[in-house]
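Analysis of the macromolecular model
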Amino acid sequence: MMQLFYASTSAYVRKVLVCAQVLGVDEAIERLDSAAHPIERDERIAAFNPLAKVPALRTESGLCLYDSRVICEYLNTLSQGPLFPTSGEARWTSLTRQALADGLIDAALLARYEFSARPLEKQWQEWADAQLKKVSAALAEIERQVSGFSRHPDDIGLIAIGCALGYLDFRFAELDWRARHPLTAAWFAMFDAHPAMAATRPHV
C-alpha cells in the first residue's frame with residue numbers, strides 16, 4: 001500500500017484525500033498520524049519529507065513524494081484520471097486555479113500561525129492583516145471566475161479551491177466570506193456536498 005502522513009486539519013492533505021476518493025484509490029492509501037507544526041518538528045514526517053510537512057506520501061515502490069501538488073498529480077497519473085488537463089489553455093487554467101487556492105491557504109496559514117504559534121510579545125498584527133488581504137484578493141478572483149466552475153470535483157483547480165474555502169470555514173469563520181462573495185457561496189454549497197468533499201471535511 002501507499003502510505004500518507006496526514007493531518008485532519010490540513011487543507012493540503014484534504015486536497016490529496018479528495019483526489020484519492022474521486023480517483024478510486026483511497027483504499028490503497030494507509031494514513032499515518034503526524035503532528036506537523038511550524039516550530040516543533042515531527043521527525044516521523046521527515047522520514048518521508050525532509051521539510052517535515054504534510055502531506056507526504058511513500059509509494060508502493062518506496063518513492064517519497066511531497067507536496068500536495070506533486071502527490072495529486074501522481075495519483076491522477078497512477079489511475080489515468082481526468083483531474084489534470086493534459087494540454088492547451090485548459091491545463092494552464094486548471095494549474096493556475098490550483099496556485100490561486102494554494103496561495104490563499106498559504107496566506108491564511110501564516111495569519112493563523114502569527115497568533116497560534118508566535119509568543120504574544122512578538123505577534124505582528126500588520127503582518128496578519130497583510131496575509132488576510134491576500135485571502136480577500138483571492139476570494140475576489142474566485143468570485144470573478146466562479147460562474148464557469150463545474151459543480152463536481154473533476155478538476156484539480158476546483159478541488160484546490162474547494163479545500164481552500166473549507167479551510168476558511170474551519171479556521172476563519174469570523175471572516176464570513178460568503179457575505180461578500182454570494183456566487184462563490186452558492187457554488188461551494190453544491191460542490192462541498194459531493195461525497196468526496198463531505199468525507200474529508202477538516203476536524204480537530
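Rules used in this analysis
Residue positions within a chain follow its written sequence, with the count starting from 1. Reporting in this predicted model follows two pLDDT cut-offs: at least 70 for local features of residues, and 80 or more for side-chain atom pairs to be given and counted; totals over whole chains, interfaces and linings ignore these cut-offs and use all residues. The basis for every side-chain value is the complete set of heavy atoms in the structure, and neither hydrogens nor water enter the calculation. The rule is short: rings of Phe, Tyr and Trp, with Trp giving its six-membered ring, pair when the centres are within 6.5 Å, and they are stacked under 30 degrees, edge-to-face over 60, tilted in between. A run of H or I in DSSP becomes a helix once it reaches four residues, and a run of E becomes a strand once it reaches two; helices and strands are each numbered from the N terminus. When a residue's accessible area, from a 1.4 Å probe over protein chains only, is under 20% of the maximum for its type it is buried; when over 50% it is exposed; and in between it is partly exposed. A pair of strands counts as paired when DSSP detects no fewer than two bridges linking them. When the strands point away from the viewer, a crossover counts as right-handed if the path from the first strand over the helix to the second runs clockwise. Just so you know, the domain bounds were taken from an automatic or database domain assignment. The term buried area means the drop in 1.4 Å probe accessible area that two parts suffer when joined, counted for both and summed. The term salt bridge refers to a side-chain nitrogen of Lys or Arg lying within 4 Å of a carboxyl oxygen of Asp or Glu.

A word on the packing of aromatic side chains. Enumeration according to the criterion identifies seven aromatic pairs in this entry. A centroid spacing of 6.3 Å and a plane angle of 25 degrees characterise the contact between Trp124 and Trp127, whose relative ring orientation is stacked. An angle of 75 degrees between the planes, with centres 5.2 Å apart, marks the rings of Phe149 and Trp187 as edge-to-face. Remark: Trp187 occurs in helix H7 (residues 182-191) and Phe149 occurs in the loop between helix H5 (125-145) and helix H6 (156-171); sequence separation between them is 38 residues. We classify Trp187 as buried; its relative accessible area is 4%.

This brings us to the pairing of strand S2 (residues 29-32). One ladder, built from four bridges, connects strand S1 (residues 2-5) with S2; its direction is parallel. From the neighbouring strand, Phe5 faces S2, where its bridge partner is Leu32. As a crossover connection, the stretch from S1 through helix H1 (residues 11-23) into S2 is right-handed.

Moving on, we get to the domain arrangement of the protein chain. In terms of domains, the protein chain is made up of domain 1 (2-79) and domain 2 (88-199). The centre of domain 1, based on its C-alpha atoms, is set 20 Å off from the matching centre of domain 2. Of the roughly 1,500 Å² buried at the junction of domain 1 and domain 2 (both faces included), carbon and sulfur atoms supply 65%. When the buried area of domain 1 at its contact with domain 2 is split by residue, Tyr12, Arg14 and Lys15 rank highest and sum to 36% of it. Counting across the interface, domain 1 meets domain 2 through four salt bridges. The partner of Arg91 in a salt bridge is Glu73, with the nearest N and O atoms 3.9 Å apart.

Mapped onto the elements, Glu174 comes out in the loop between H6 and H7. For Glu174, a relative accessible area of 60% gives the class exposed.

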